[in-house]
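# What the coordinates show
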Amino acid sequence: TCSASDNTSTFIYGQPTVIINGLAGTYCTDDAIDIFTGSPANGSFSTTAIPASLTDDGAGNGTFDPSVAGAAGSPYSISYYYSDPAGCDNTDVRVVNVNQTPDVTISSSDADNTICAGASVIFTATDNEGVADTYEFFVNNVSVQGPGAANTFTTTSLLNGETVTVKASVAA
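What comes next is a walk through the structure.

Thresholds applied
- Residues numbered from 1 in each chain as written.
- Predicted model: local features only at pLDDT ≥ 70, side-chain atom pairs only at ≥ 80, totals over all residues.
- Heavy atoms only, no water.
- Pairing = 2+ DSSP bridges.
- Helix = DSSP H or I, 4+ residues; strand = E, 2+ residues; numbered from the N terminus.
- Axes fitted to C-alpha atoms, helices over the stretch in contact; angles between N-to-C directions.
- Polar contact = N/O pair within 3.5 Å; in protein donor to acceptor, adjacent residues only side chain to side chain.
- Contact = heavy atoms within 4.5 Å.

## Focus: the sheet that holds strand β10 (residues 121-127)
The pairing of strands in a sheet happens through backbone hydrogen bonds and is either parallel or antiparallel. One open sheet holds the 3 strands; their spatial order is β9-β10-β13, and the pairing between them is antiparallel. The open sheet has two free edges, formed respectively by β9 (104-108) and β13 (152-155), since each of these has just one partner strand. Each adjacent strand pair in this sheet contributes to an overall mean axis angle of 20°, direction not counted.

The following block contains the structure:
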């Protein structure tokens, strides 16, 4: 009988472990630009958000600007793709939420804020964005009510020169 044979050796490479480091899960539209990295180095970032909201230096360093991404299309995906020298590749995908930052103003039931000692005054917080779900009122930077759903604060105990402020928040 006539026969022939041949063999070859195969090399099986594992899929690389790919990780995005330092990326937060939730942002507000007025948050600072976030800096993060991908590992291993030399991969590439992409996003489902507005492309200008993401920068990628090609070496594994990226930034995300929540003010450019905006809240309208949130949540977004940010992906990091890496291919190793053997051609094996992998991707890490993170979901980020961008919440609209409230735009709060405060007004009092006394138009000129000239109040007699012991008089009742009502302070009302208005979120011009319509996204706040909690309000916290402060007198001279000391919390006096909240955080809670009530957007009004009533007092009869203000002293001359005290300042009333409000913090409006959006649940993450």
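Let us keep going from here.
## Considering the side chain of Thr 101
Looking at the secondary structure, you find Thr 101 in the loop between β8 (89-99) and β9. Within polar-contact distance, the side chain of Thr 101 engages the side chain of Asp 30 at 2.9 Å. In this structure Thr 101 touches Cys 28, Thr 29, Asp 30, Glu 129 and Val 131, once residues within four positions along its chain are discounted.

## Section: the sheet that holds strand β14 (residues 164-169)
The 3 strands lie next to each other as β12-β11-β14, forming an open sheet whose pairing is antiparallel. Two strands close off the open sheet at either side, each with one partner strand: β12 (142-148) and β14. Neighbour to neighbour, the strand axes of the sheet diverge by 15° on average, direction disregarded. Inspection of the sheet shows strand β11 (residues 134-139) paired to β12 by 4 bridges, in the antiparallel sense.

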